[in-house]
Amino acid sequence: MDSTNKRKKLITSEIVKYALGQSFVKLNPMVMIKNPVMFVVELGTFIVLLLTLFPSSFGAEANFGFNLTVFIVLLFTVLFANLAEAIAEGRGKAQANALKQTKTDVTANKVQSGGGVKSVPATELRKGDIVIVAQGEMIPGDGEVIAGIATVDESAITGESAPVMKEAGGDFCSVTGGTRVVSDQIKVRITSDPGESFLDRMISLVEGAKRQKTPNEIALNILLITLTVIFLIVVVTLAPIAKYVGVNLEIPVLISLLVCLIPTTIGGLLSAIGIAGMDRVTQFNVLAMSGKAVEAAGDINTMILDKTGTITFGNRMASDIMPVGQANVADVASWAAISSIQDETPEGRSVMEWVRKNGYTFDESKARDAEFIEFKAETRMSGMDLKNGWKVRKGAIDAVKQWVTTQGGTIPADLTDKGNHIASEGGTPLAVAVNDQMLGLIYLKDTVKPGMRERFEQLRKMGIKTIMCTGDNPLTAATIAREAGVDDFIAESKPEDKIAVIRREQAEGKLVAMTGDGTNDAPALAQADVGLAMNSGTIAAKEAANMVDLDSDPSKIIEVVSIGKQLLMTRGALTTFSIANDVAKYFAIIPAMFMLAIPEMHVLNVMGLGSPMSAILSALIFNAVIIPLLIPLAMKGVAYKPMSASKLLSRNLVLYGLGGVIAPFIGIKIIDLVVHLWI
Amino acid sequence: MNVGMDVLQIAVVIGLLLLIVKPLGTYIYHVFSNEPNKTDRIFHPVEKFIFWLTGLKNRSEMSWKRYALSLLLTNAVLTVIGFTILRIQKWLPLNPNGIDNMGTTLSFNTIISFMTNTNLQHYSGETGLSYFSQMIVIMMMMFTSAATGIVVAIAFIRGITKKGGTLGNFFTDFVKAHTRLLIPLAIVVTLVLVGLKVPQTLDSTIQAQTITGETQQIAIGPVASLESIKHLGTNGGGFFGVNSSHPFENPNPLTNVIEILSMWAIPASLTYTFGRFAKNQKQGWIVFSVMSILFVAFLSLVYISESNGNPVLNSVGADVSQGSMEGKETRFGIAQSALFTTVTTSATTGSVNNMHDTLTPLGGLVPMSLMMLNVVFGGDGVGLVNMLMYAILAVFLAGLMVGRTPEFLGRKIEPHDMKLIAIAILAHPLIILGPTAISFLTNLGSGAITNPGFHGISQVLYEYTSSAANNGSGFEGLADNTPFWNIMTGVVMFLGRYVSIIALLGVAGSLSHKKWVPETIGTFRTDNKLFAGVLLGTVILIGALTFLPVLVLGPIAEYLTLG
């Protein structure tokens, strides 16, 4: 687990140092132009710098002090925006570095075409090469196990320290480069060329090197640029109009107004929000192949989940005990327990647990030195032959029935009915008998994981429909579906059914998410809008999906949806906040601009700011410091709890819309109280 | 002055409007839903004849590009015809008063003005236009420009509410807008106005002998017919120079109310039509209520401001119990004038029954702001489209806050749509503030100002705002019949009309191609009160704040320095 901890600790002085450096590097206009809003601010900063450096050429000697201050505040506005982006990037960089350490020089034992083995550097391996990896060696590249079985430590990638089993064939054959074989030896066929491996992709993803803006980010950027241009028009045209009534507006004042009005807050934080959103997914041990996939997760309407492993544990467990004939529950329970004492199957252990949990007791001494009869396909029973000669059996009803009959016992009349009842609810009945007496039934059923019901409830609140896929018969499927609280299910489903469901939902305009691990899941994963593959799954599944869960926990898809929603919400909240801020800034700057020529304008100075100069500077300073103040929010994302859209909206509107109107009034006033001490 | 009576008169008019919205909105829906209905029996033969006459055989559905192109070409042809007639009107029939041909830049300005539904008039009707020009050019364009606006709204609504990527057939819509909507309504209103003593004649100017023995020229003409379409089509160009304050255009309070309702009815009812098309009447009512909230707020401001009168006059002890009556008609009073001003600038008609130049500073702020917003009911068709554009913008901003990529009526708002919307929202401030600044930089512009100081800023700003919003009312203080003003405002009117029409038809086209996202509990709803608030906030934050600095320099500074 140490590597997971390493990841979490990563907001360190190291990152801050890196980010501080980057804030200056990013001042390069060629870099800055990618963020048009901040580019306009930088341009303004440069103009004010010229006015400060060469006041005589512009006739601005009188305002040297003011101009210098404006320049400094503007410079910091740009630096703060750079800092936000750099911190977000820094976290990814640090993660990538940690990953790169695992990618040290590895030598591979390549199997030659002649049959011999030759040591070659891992970088020389190509798709289709075959290598042998022995105990203690690093697997040189992504591949499939073609022979052998081994346990592999994948902690470098997943952060999970327990080794996992890998074997040829089946769904557990894929291995990842950079992981270590802990025991045994395997033969691996390499499936990726150098630079294209999973590890390489992961590094470039967390580094943000290949980060592409998502459609939503592009659309928002267009809006921000539009607002910037609108305010540019407002400010540029204001000067000649004002001049007509004898108001001379200095260039630094106009630039201050412009910078305050254009959406610098969101402009400065936008890319940081995107990077941090991806980062949150990564922190969660899910690798998203693109930011688009994370956003799509926020839009999901339908979620297709496998029953086994995702919704249920996948093992049948004892959930009830029913006596038949004259027996009572306590009797059946105690004999069921005795029959299971040495039974190591999940069913057997679940019987013991059920008995313990429900407060029944049994005499352990009876089982001492007893002989354990193992389950066999022919007998379809297991049990104990006790020292006192008694025999206890549990197993399939007809098998136990026959066994009791051969011992000379009779079968209670209610056995068949009760057995059918259990089967009709989707459970599996196990009969329990001692010698010639049929005692009762153990109700085995597939159990829903704890907490799943609540999660489906949450999904429903988000407006997401859940569909459960299972190979079970319709009866069993219906029972589990009802217990788990999923909206719909497909029983006896084949892989092609999944694709059919996805297509059907998509035809209705819905976005569909699904999880999968097997090769036969690959087409469905590719068809789904969000496909989450398990890291333990096959290469085909991982390639088809747009997300890979390193922990191989299929229920994580639910959290991924939350993260996607959170990402979009953060973007919307900060945009709203940024635009709402303009109201207060208007009230600070406009009266200040005109007050000298038109003294009556003081009426509009509702905040009672000290002087025109201090009002302008205070608004500008507020505009600058709000960016670093909001960096933590941009990184963490706004709080998200599943609830209906209307509730979410009213909550966020009050917080970020109304808050965005009020906060700057207070902030600017406080700053002005300080700034006014000087001017 | 009786405030209670004033409020009652205003409330009655608003109440009448509310009664009109549903039936007229439903009727418009049936006109353009293209499903068979009872009125086909009356109108179908007429339309069939028109289609036969114009050779319009292929009336299939059009993509947004074909729709926009058809619209532009039709408008272009009409512009050329109109321009030619104005330049040769002297030699054409129906010119009993011997009026001369119109000058080049004035013709350019006039023709664009009427084609764009602006009706900014740099001429005076009595002396500048023959009856032939009045009827063939002015009245024809009053019909066609209004029809153009209406079909844009219908095409836009279709684009955002139906599937398939087409917006309908422009020519069918355009013809139907005339035959089924504008012409029947205009006939009814004309007859009512004639009944209320508005002249309708082709006789020449009356030479009257006054009691003091002097000769007076009393201009008359086919006034009533022009008056009806002038308002129904949110056109606003008056038969006479002083527009609806002229006793022949608007003789009494009853005609005043009829004119107010005529210009208000179609823009307001289209919100209901939108609800019908969207199959969710609440959608329409939300848009209607946001418009109404802004309307009532601005109406209150102008009414209170005018009632309080001019503080300078108050301080010298003049009788101000009537409020500020300068530039107003005594037969209308403050309430009917304030209401007319608010309706004519919110519905961007531009007819006036009082001089906006002489409104008190804050009173003058109202018409200007309404035109800057250009979404409070707005001109026939375009007002609704502009408001829906703001709705898409509101959805985009606030919709993110529910954690989904924003969608409006089930369609996702993507970069391509935002680009087109960006063009539309950029155009408005650019063509208002840009030319205003240019006018102050040159004496050609600032020389026309008759009241220097803050009021001068208002005069220039008003002229361009009115042009950009295709309103057409003038502050009327500006000496604006010069080549500079004719060309500048001509260009502004042209851009103000067609840039946003094309961009927004593009948005409709793009949205109509999109896959529908079904509505769930996680969907951002656009048919509840919360959305009304969001929409209102968006209009104020994005639409209004843009103009705050220059408004502060104009009417607000004038107000602050007055008292």
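Residues numbered from 1 in each chain as written. Chains lettered and ligands numbered in written order. Predicted model: local features only at pLDDT ≥ 70, side-chain atom pairs only at ≥ 80, totals over all residues. Heavy atoms only, no water.

A.B. asks: Would you mind showing me how to read the UniProt feature "binding site: ATP" (unreviewed entry) in chain A here?
C.D. replies: Residues and elements named next belong to chain A. Look at the UniProt record and you will see "binding site: ATP" (unreviewed entry) annotated at D343, E347, F375, K376, A377, E378, T379, R380, M381, S382 and K394. Here D343 lies in the loop between α13 (329–340) and α14 (346–357). For D343, a relative accessible area of 7% translates into the label buried. Apart from the residues lying within four places of it in its own chain, the contact partners of D343 are G348, R349, F372, S382 and K394. Looking at the secondary structure, you find K394 in strand β14 (residues 391–395). Since its relative accessible area comes to 3%, K394 is described here as buried. (UniProt positions renumbered as here; feature names shortened; annotations may be inferred. Helix = DSSP H or I, 4+ residues; strand = E, 2+ residues; numbered from the N terminus. Buried < 20%, exposed > 50% of the residue type's maximum accessible area, 1.4 Å probe, protein only. Contact = heavy atoms within 4.5 Å.)

A.B. asks: Explanation requested: helix α4 (residues 104–115) of chain B in the structure shown.
C.D. replies: Within an α-helix, residues lying three or four positions from one another point in the same direction, as the helix has 3.6 residues per turn. Residue and element names in this part refer to chain B. For α4, spanning twelve residues, the distance from its first C-alpha to its last is 16 Å, which sits close to the expected 16 Å at 1.5 Å a residue. A large share of α4 lies buried, amounting to nine of its twelve residues. Restricting attention to buried positions, one finds in α4 the residues L106, S107, N109, T110, I111, I112, S113, F114 and M115. On its buried side, α4 packs onto α3 (64–87), α6 (131–161) and α18 (483–513). (Expected span 1.5 Å × (residues − 1).)

A.B. asks: Any chance you could explain the sheet that holds strand β20 (residues 530–534) of chain A here in plain terms?
C.D. replies: Sheet strands pair via backbone hydrogen bonds, and the direction of the pair is either parallel or antiparallel. All names here are of chain A. Spatially, the seven strands line up as an open sheet ordered β9-β21-β20-β19-β10-β17-β18, and their pairing is mixed. The sheet is open, and its two edges are formed by β9 (286–288) and β18 (488–490), each paired on a single side. Going across the sheet, the axis of each strand differs from the next one's by a mean of 20°, ignoring polarity. In this structure, strand β10 (residues 302–306) lies alongside strand β17 (residues 465–469), joined through five bridges in parallel fashion. Across the sheet, residue M303 finds its bridge partner in β17, namely T466. (Pairing = 2+ DSSP bridges. Axes fitted to C-alpha atoms, helices over the stretch in contact; angles between N-to-C directions.)

A.B. asks: Honestly, the packing of helix α10 (residues 281–308) of chain B against helix α13 (residues 361–373) of chain B in this entry has me stumped. Any pointers?
C.D. replies: The description of two packed helices rests on the angle between their axes and on the distance between the axes. All names here are of chain B. Where α10 contacts α13, the axes come no closer than 7 Å and their chain directions differ by 160°. Here α10 lies roughly antiparallel to α13, going by the angle between them. Crossing handedness for the pair α10 and α13: left-handed. Contacts between α10 and α13 involve F298, L301, V302, S305 and E306 from the former and L362, G363, L365, V366, S369, L370 and L373 from the latter. Looking at the contact of α10 with α13 residue by residue, the classes come out as eight nonpolar, three polar and one charged. (Parallel < 35°, antiparallel > 145°, perpendicular 65-115°, else oblique. Left-handed = near helix turned anticlockwise from the far one by under 90°. Nonpolar A, V, L, I, M, F, W, Y, C, P; charged D, E, K, R; others polar.)

A.B. asks: Help me out: how do you make sense of the nonpolar core in this one?
C.D. replies: Note that soluble globular proteins tend to have their nonpolar side chains buried in a common cluster. Among the nonpolar cores identified, the biggest contains 313 residues, and M547 and F594 of chain A together with F408 and L553 of chain B are the most heavily contacted of them. In terms of residues, this core owes the most to one element, helix α22 (residues 557–594) of chain A, which gives 20 residues. Mapping this core onto the domain boundaries places at least three of its residues in each of domain 1 (13–94 + 206–282 + 562–676) and domain 2 (286–311 + 449–550) of chain A. Sequence-distant contacts of F408 of chain B, defined by excluding residues within four places in its chain, comprise I160, F274, L388, A391, I392, V395, I413 and T526 of chain B. Counting 24 residues, the second-largest nonpolar core is a separate cluster that includes A333, W354, V432 and I442 of chain A. (Core = buried A, V, L, I, M, F, W, Y, C linked by side-chain atoms within 4.5 Å. Domains from an automatic or database assignment.)

A.B. asks: For this particular structure, what's the right way to read the interface of chain A and chain B?
C.D. replies: It is common to give the size of an interface as the accessible area that goes away when the parts come together. Contact residues are listed per partner, giving 62 residues for chain A and 60 residues for chain B. Counting the surface lost from both chain A and chain B, the interface buries some 5,100 Å², and carbon and sulfur atoms represent 80% of this. A per-residue breakdown of the area chain A buries against chain B is headed by I241, Y244 and L649 of chain A, which together make up 13% of the total. Here chain A and chain B share one salt bridge between them. Here K412 of chain B and D299 of chain A are joined by a salt bridge, their closest N and O atoms 3.2 Å apart. At the boundary of chain A and chain B, one finds six residue pairs in polar contact (both at pLDDT 80 or more). Looking at the side of chain A that touches chain B, the elements with two or more residues in it are α9 (215–244), α12 (291–298), α17 (452–462), α22 and α24 (645–675) of chain A. Sort the elements by how many residues they give to the side of chain A that touches chain B and α9 of chain A lands first, with 19 residues. Here the side of chain A that touches chain B is built from residues that sort into 37 nonpolar, 15 polar and ten charged. (Buried area = accessible area lost by both parts, 1.4 Å probe. Salt bridge = Lys/Arg side-chain N within 4 Å of Asp/Glu carboxyl O. Polar contact = N/O pair within 3.5 Å; in protein donor to acceptor, adjacent residues only side chain to side chain.)

A.B. asks: Sorry, what's going on with the pattern of salt bridges here?
C.D. replies: Pairs can form between side chains of opposite charge whenever their charged atoms are close. Going through the model one piece at a time under the given rule, you end up with 40 salt bridges over all chains. K162 of chain B is paired through a salt bridge with E61 of chain B; the nearest N and O atoms lie 3.2 Å apart. Taken together, the residues span a long stretch of sequence, with K162 of chain B in the loop between α6 and α7 (170–195) and E61 of chain B in the loop between α2 (40–54) and α3 at a distance of 101 residues. The shortest N-O distance in the salt bridge between D417 of chain B and K514 of chain B comes to 2.3 Å. Of the two residues, D417 of chain B is situated in helix α15 (residues 415–441) and K514 of chain B in the loop between α18 and α19 (529–544); the sequence distance between them amounts to 97 residues. Taken as a pair, D417 of chain B and K514 of chain B share a single burial class, namely buried. Look at the salt bridges and you will find they share partners, linking K465, R504, E505, E508 and K510 of chain A into a network.

A.B. asks: Hey, could you run me through the confidence of the model for chain B in this one?
C.D. replies: Parts of the prediction with low pLDDT should not have their coordinates interpreted in detail. The predicted model of chain B averages 91 in pLDDT, with 99% of residues at 70 or higher. Taken over the whole predicted complex, pTM reads 0.87, whereas the ipTM for its chain interfaces reads 0.93. (pLDDT = per-residue confidence, 0-100.)

A.B. asks: Teacher, can you tell me more about the packing of aromatic side chains here?
C.D. replies: Given two aromatic rings, their pairing is described by the distance between the two centres and the angle made by the two planes. This structure, assessed with the given rule, holds 25 aromatic pairs over all chains. When the centroid spacing of 6.2 Å and the interplanar angle of 40° are considered together, the rings of F587 of chain A and F665 of chain A count as tilted. Linking F587 of chain A in helix α22 with F665 of chain A in helix α24, this pair joins segments that are 78 residues apart in sequence. Residue class for F665 of chain A comes out partly exposed when judged on its relative accessible area of 23%. Centre to centre, the rings of F494 of chain B and Y498 of chain B are 5.2 Å apart; their planes meet at 55°, and the pair counts as tilted. Here Y498 of chain B and F494 of chain B lie together in helix α18, a separation of four residues that amounts to about one turn. For Y498 of chain B, a relative accessible area of 7% corresponds to the buried category. Through a chain of ring-to-ring contacts, three or more aromatic side chains come together here, namely W264, Y272, W285, F288, F295 and F377 of chain B. The aromatic ring of Y443 of chain A is capped on one face by K445 of chain A, whose charged end is 5.6 Å from the ring centroid. In this structure, R59 of chain B packs its charged tip against the face of F51 of chain B, placed 4.0 Å from the ring centre. (Phe/Tyr/Trp six-rings, centres within 6.5 Å; stacked < 30°, edge-to-face > 60°. Lys NZ or Arg CZ within 6 Å of the ring centre and 35° of its normal.)

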